[in-house]
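Architecture at a glance
One letter stands for each residue in the lines below.
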Amino acid sequence: MRIAITGGIAAGKSTVVAHLKELGACVIDYDRLAAEVVAPGSLGLERIISTFGIEAVDDDGRLRRKWLASVVFGGKQHRHMLQRLNAIVHPLVYEQAAILESMLLDSDVNDAAETTPIIVHDIPLLTEVRDSIPFTFRHVITVEAPVGMRVQRMVSTRHMSPEEANARIRSQSSEQQRLAIADIVIDSAVSFEQMFECVDRIYAELLQET
Ligand SMILES: CC(C)(COP(=O)(O)OP(=O)(O)OC[C@H]1O[C@@H](n2cnc3c(N)ncnc32)[C@H](O)[C@@H]1O)[C@@H](O)C(=O)NCCC(=O)NCCS
Ligand SMILES: Nc1ncnc2c1ncn2[C@@H]1O[C@H](COP(=O)(O)OP(=O)(O)OP(=O)(O)O)[C@@H](O)[C@H]1O
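Remember, it's a predicted structure, so these values are computed and weren't measured experimentally.

1. Side note on the packing of helix α8 (residues 147–158) against helix α9 (residues 162–171)
- At a minimum axis separation of 9 Å, α8 and α9 run at an interaxial angle of 125°. Considered as vectors, α8 and α9 are oriented oblique to each other. For the crossing formed where α8 meets α9, the hand is right-handed. Contact residues: α8 offers Val147, Arg150, Val151, Met154 and Val155, while α9 offers Pro162, Ala165, Asn166 and Ile169.
- Split into classes, the residues belonging to the contact of α8 with α9 amount to seven nonpolar, one polar and one charged.

So, in structure tokens, the structure goes:
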């Protein structure tokens, strides 16, 4: 069974995903894939250089993420620039996700398919890519906590100011947008213990469905 998980920044998605892994789920991490497809020497990085110029990489041939962020989130025509970046990165990410999935399901390579029938696509920006992603998900989970609590978490664990934390939250899609595409909501405003109990229950129900 293929499911997706998303959530607002600092809501607790990574904590939930780590727990799902412990329970036996196979996880495909889109943030990691997005970094891998633009690694030095990759086709993705080559395409970024063709589109955005040699300024996109540093002297060691690594992507200058801060520079690119300023172009696609703040520069002139930033919307168009973000579209161009997405048009490079997203198809490569989906291709890698499909390869990973087929490896997980190929019992000759990995017998995980016998023991772990749940594949979780961990997609922080699922609302943004919902219409273009070439996968269908049996369930979509979102992990949510109130904005104030997320700001507090970012301030205390990520050395951000409240202003920076709020700006990051505003730059993402809203809780309402995530709730509109999700059919399972995990409340992370409760204690770790209660949250994990909720994840255990959801996982057991998913297993029943496979
Ligand atoms: C522009 C890049 C290089 C900036 O990197 P940097 O490390 O500075 O920031 P980071 O990746 O943590 O993103 C910061 C915030 O920007 C937002 N964001 C990132 N990518 C996107 C996007 N494609 N669309 C909308 N918002 C985005 C997110 O809210 C995120 O929290 C990077 O975000 C990127 O390559 N984005 C495009 C690829 C992508 O869509 N990745 C998501 C996984 S598929
Ligand atoms: N139920 C909870 N109770 C208390 N703290 C929590 C709970 N769930 C998560 N946290 C804490 O909140 C912070 C953010 O959690 P986490 O890193 O899992 O969020 P995230 O949604 O994956 O963030 P990002 O989107 O930035 O990757 C962490 O410090 C984590 O320990």
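We are not done yet, so read on.
2. So, the site of ligand 2
- As a matter of local geometry, ligand 2 sits amid 16 residues, with Lys13, Ser14, Thr15, Arg158 and Val190 nearest to it.
- Glycine 12 places a polar main-chain atom, nitrogen or oxygen, 2.9 Å from an oxygen atom of ligand 2.
- In the environment of ligand 2, an oxygen atom lies 2.5 Å from a nitrogen or oxygen atom belonging to the side chain of serine 14.
- Its free accessible area being 630 Å², ligand 2 has 76% of it covered by the protein chains.
- Among the secondary structure elements, those contributing two or more residues to the shell around ligand 2 are α1 (13–23), α8 and α11 (192–209).

3. A word on the UniProt feature "binding site: ATP" (unreviewed entry) in the chain
- Taking the UniProt record as the reference, the feature "binding site: ATP" (unreviewed entry) is found at Ala10, Ala11, Gly12, Lys13, Ser14 and Thr15.
- One can find serine 14 in helix α1.
- Given the relative accessible area of 53%, serine 14 is considered exposed.
- Mapped onto the elements, threonine 15 comes out in helix α1.
- Accessibility expressed as a relative area gives 30% for threonine 15, which makes it partly exposed.
- Filtering out sequence-adjacent residues up to four positions away, threonine 15 remains in contact with Phe192, Met195 and Phe196.

4. Section: the sheet that holds strand β2 (residues 26–29)
- The five strands are arranged β2-β3-β1-β4-β5 in an open sheet whose pairing can be described as parallel. Bordering the open sheet on either side are β2 and β5 (184–187), each of which pairs with just one other strand. Averaged over all adjacent pairs, the angle separating strand axes in this sheet is 25°, with direction ignored.
- Strands β1 (2–7), β2, β3 (119–122), β4 (139–144) and β5 of the sheet are contacted by α1, whose axis makes an angle of about 150° with β1.
- Lying over the sheet, α11 contacts β1, β4 and β5, oriented at roughly 160° with respect to β5.

5. Side note on the side chain of histidine 19
- Here histidine 19 lies in helix α1.
- Look past the residues within four positions of histidine 19 in its chain and what remains in contact with it is Phe196, Val199 and Asp200.

Criteria and thresholds
- Residues numbered from 1 in each chain as written.
- Chains lettered and ligands numbered in written order.
- Predicted model: local features only at pLDDT ≥ 70, side-chain atom pairs only at ≥ 80, totals over all residues.
- Heavy atoms only, no water.
- Axes fitted to C-alpha atoms, helices over the stretch in contact; angles between N-to-C directions.
- Helix = DSSP H or I, 4+ residues; strand = E, 2+ residues; numbered from the N terminus.
- Parallel < 35°, antiparallel > 145°, perpendicular 65-115°, else oblique.
- Left-handed = near helix turned anticlockwise from the far one by under 90°.
- Contact = heavy atoms within 4.5 Å.
- Nonpolar A, V, L, I, M, F, W, Y, C, P; charged D, E, K, R; others polar.
- Near = heavy atom within 4 Å.
- Polar contact = N/O pair within 3.5 Å; in protein donor to acceptor, adjacent residues only side chain to side chain.
- Areas by Shrake-Rupley, 256 points an atom, 1.4 Å probe, with all protein chains shown as cover.
- UniProt positions renumbered as here; feature names shortened; annotations may be inferred.
- Buried < 20%, exposed > 50% of the residue type's maximum accessible area, 1.4 Å probe, protein only.
- Pairing = 2+ DSSP bridges.

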